Amino acid sequence: MENTSSSHSEKIKKIKINFSESKYATGRRKRSIAKVWVKKGSGNIYVNGKKMVDYFKRPVHQIIVVRPLELTNVLTSYDVKCSVKGGGLSGQAGAIIHGISRALVIQDGTLKTTLKKEKLTSRDSRVVERKKYGHRKARRSFQFSKR
């Protein structure tokens, strides 16, 4: 029993990185909040202490997270550290995009026009609609029975 718990803790090993002299921004999407630090580096992206590829298993999420760096052609010039909580993986990926975009604009103001054209600097305000009484979900009614 002890042997399995020690091997399990080795898998979750978090990476400690020095991000002094970096720019900070906050990104939000749905119920997720991402704290993002960006600094000059070699293109490493860390999410909650893990490499981005280990945290986001689906390729779709990996492509989404890297998008602001690819659009501005600075993929290999900056290191990114993210601390994200709340929501699901898609919401977290969206929050990280928003945070990276805002941090890049703070770091280098010339990138603002490129990111703004793609609408990455503004928050996506779409959230889940609340359930209404007399309905099964937000808009879906209960099944109608004639008799």
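The structure under discussion appears in the preceding block.
Cut-off values and rules
- Residues numbered from 1 in each chain as written.
- Predicted model: local features only at pLDDT ≥ 70, side-chain atom pairs only at ≥ 80, totals over all residues.
- Heavy atoms only, no water.
- Helix = DSSP H or I, 4+ residues; strand = E, 2+ residues; numbered from the N terminus.
- Buried < 20%, exposed > 50% of the residue type's maximum accessible area, 1.4 Å probe, protein only.
- Contact = heavy atoms within 4.5 Å.
- Areas by Shrake-Rupley, 256 points an atom, 1.4 Å probe, with all protein chains shown as cover.
- Pairing = 2+ DSSP bridges.
- Axes fitted to C-alpha atoms, helices over the stretch in contact; angles between N-to-C directions.
- Core = buried A, V, L, I, M, F, W, Y, C linked by side-chain atoms within 4.5 Å.

Outline the overall build of the protein, supporting the account with residue identities and numerical values.
Along the protein, the regular secondary structure elements total five helices and five strands. When the elements of the protein are put in sequence order from the N terminus, they spell out α-β-β-β-β-α-α-β-α-α. Going through the 147 residues of the protein one by one, you find that 33% of them count as buried. Excluding contacts between residues fewer than 6 apart, the proportion of contacts in the protein whose partners are at least 24 apart in sequence is 68%. Within the structure as shown, the protein displays about 10300 Å² of accessible surface, and the carbon and sulfur contribution to it stands at 52%.

Outline the sheet that holds strand E4 (residues 50–51), listing residues and values.
Strand order across the open sheet formed by five strands is E1-E2-E5-E3-E4, with mixed pairing between neighbours. Unpaired on one side and paired on the other, strand E1 (23–29) and E4 mark the two borders of the sheet. The pairing of strand E3 (residues 45–47) with strand E5 (residues 78–85) spans three bridges and is classified as parallel. Considered in E5, the bridge of Ile45 is made with Val80. On the sheet, helix H4 (residues 89–107) packs against E1, strand E2 (32–40), E3 and E5 and is oriented at approximately 145 degrees with respect to E1.

Before we move on, can you summarise the nonpolar core with the specific residues and values?
In globular proteins that are soluble, nonpolar side chains generally tend to be buried together. With 28 residues, the main nonpolar core has Val47, Ile96 and Leu104 as its most contacted residues. For this core, the elements supplying multiple residues, two or more each, are E2, E3, helix H2 (52–55), helix H3 (59–71), E5 and H4. The leading source of residues in this core is H4, at eight residues. Apart from residues no more than four positions distant in its own chain, Ile96 is found in contact with Ala34, Val36, Val47, Phe56, Val65, Cys82 and Val84.

Treat this as a map of the structure, not an account of what it does.
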